[in-house]
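Coordinate analysis (summary)
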Amino acid sequence: MWGMFGGLPTKFFKKVYEFVRITNSEDPFKGPDERLRNEPCEKNPRHKRFHRFKPFRHIILPHPYNHDNQFGPLIKGIGYLVVKVHVRIPETHKISLGSGKIVFSRVKSGTLSRCCPCETCQHEKEKSVKGNLKREDQKQKTQWGEIHVVTAYHVVGSNKDVKKTTCLLNYDDEAHSKPIELDGLKINRWSKDRDMCEFICISHDMDLVKGLRKKIYFLKGRHEKVYRDYRYSAERNLCVIVSHPHGCAKHVTCGELLNTVPVQRGEFNFTTLCYNTHTCGGSSGAPVYRVNKRSVWYLHPHRGEKDGASNWSGSVYE
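Predicted, not measured: the structure shown is a model, and the values here were computed from it. (Residues numbered from 1 in each chain as written. Predicted model: local features only at pLDDT ≥ 70, side-chain atom pairs only at ≥ 80, totals over all residues. Heavy atoms only, no water.)

1. Re the layout of surface pockets
- Put simply, the largest pocket is a space of about 330 Å³.
- Along the walls of the largest pocket sit 14 residues, with C118, E119, T120, D183 and G184 positioned nearest its centre.
- Counting residues per element, the lining of the largest pocket draws most heavily on strand β6 (residues 180–191), which supplies three residues.
- Here the residues of the lining of the largest pocket are counted per class, giving four nonpolar, six polar and four charged. (1 Å grid on protein atoms, 1.4 Å probe; cavity = no way out; pocket = protein on both sides within 12 Å on 5 of 7 lines; lining within 4 Å. Points joined across faces, edges and corners; volume = space filled by probe spheres on them. Helix = DSSP H or I, 4+ residues; strand = E, 2+ residues; numbered from the N terminus. Nonpolar A, V, L, I, M, F, W, Y, C, P; charged D, E, K, R; others polar.)

Written out as C-alpha cells, the structure reads:
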C-alpha cells in the first residue's frame, strides 16, 4: 500500500501511520498498567492517578515541573531504589504487602568462622563445625552484601517480621521485569511512634550491591541540583511517591505537599508530612519525595490516610 503515494519514501508513511496509531491509542506514559487498572479498589477505582514507572517521562508531572528535564532522571533515581516488601504471617497464613526504599549498600568481608550472617551460610558453618570439614569443602560465604531498607513500622515492626520478609527489587513492570529477591536478616533501627523501620537484607551478588551503592549516590547528585534550583522558588510543593500499590509493579503518583509538621523527640527535630498524593494498599512504607527536602538519604515513609482528603507520613529527622 505504501507504493501508491508516488515518489514519497515508504519510511515516511510508516512513521506517519505509527504516529497516528499511538496518538489514537492509550498514552504509553500515562495511567496505570492493565493489572492495576483492573484491581478492585474502593479508594481509587481504576487507579487513574497512578502512572507506570516503566516507561516514565516527566511530562506526567504538574506544571511547572513537567517542563524541567531534571525530574525524569530524579524520579527514576528514586524508583530504582524502591522495593516491594512482602511479609509472610504464618499464624494467619496471610501476606502483608508494603513498599520500601534502599538507603544503604556495602560489601562486607569476614572469614570462614566469621562468615555471612544469612541463614544459609550459618547453616553451612554449623555443618562444617560438626563435620570437621576441610577449608576447601566449606561452603559458607566470606564476602557478602549488606543492604538497608526503610519502610513503615506498621509493615515491618520486629525481628520476627524481618525473618519472614522478602524484598522484591527491580519489579518495574509486569511484562519484562526480572525481580531480584532479598531476604530480611534483622532490624537496624526502628521507632513505633515515628512509624519507621530500617532493616537489613543480605545478598551474595557483589555486582548488585556495588550497583545499588552507585544508584544511591546517583539520586543524591540529582536531588542536590533540583534542590539548588528550587530552594528559593515559590514552586516547592511537589510531592511524589513511587510504590507498589496492591503489590503490583512500580507506579508513580504526583500531588501537593499540604503541610510539614515539626515533631520534637528529645534533642532532635523530626518532621511529618501531610500531602494529597494518591496511595493504595501496598503503598505503606514507600518513600515520599518533596522538592524542598535538603537530603534524600532518608525520605519520609508513607504511613497512611490522615483524613478523607489527605495522607501523612512517618517522621524523619531533618
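2. What to know about helix α3 (residues 71–80)
- Judged by how many residues are buried, α3 sits mostly within the fold: seven of ten residues are covered.
- Looking at the buried positions of α3, the neighbouring elements they touch are β2 (82–89), α6 (206–230), β8 (238–243), β9 (251–265) and β11 (287–290). (Buried < 20%, exposed > 50% of the residue type's maximum accessible area, 1.4 Å probe, protein only. Contact = heavy atoms within 4.5 Å.)

3. Describing the nonpolar core
- F71, I102, V156, C167, F199, Y289 and V291 are the most contacted members of the largest nonpolar core, which totals 43 residues.
- Looking at this core, the elements that each hand over two or more residues are α3, β2, β4 (143–151), β5 (165–169), β6, β7 (196–203), α6 and β8.
- Here the element with the most residues in this core is α6; it accounts for seven residues.
- In this structure, C116, C118, C121 and I200 belong to the second largest nonpolar core, which totals eight residues. (Core = buried A, V, L, I, M, F, W, Y, C linked by side-chain atoms within 4.5 Å.)

4. A word on the sheet that holds β4
- With antiparallel pairing, the six strands of this closed barrel are ordered in space as β2-β3-β4-β7-β6-β5. Sheet twist, expressed as the mean angle between neighbouring strand axes with direction ignored, is 40 degrees.
- Bridge analysis of β2 against strand β3 (residues 94–109) gives eight bridges, and the strand direction is antiparallel. Residue pairing for β3: V83 is matched across the bridge by G100.
- Of the strands in this sheet, β3, β4, β5, β6 and β7 are in contact with α6, which crosses β3 at around 95 degrees. (Pairing = 2+ DSSP bridges. Axes fitted to C-alpha atoms, helices over the stretch in contact; angles between N-to-C directions.)

Note that all results are geometric; they support no functional claim without further evidence.
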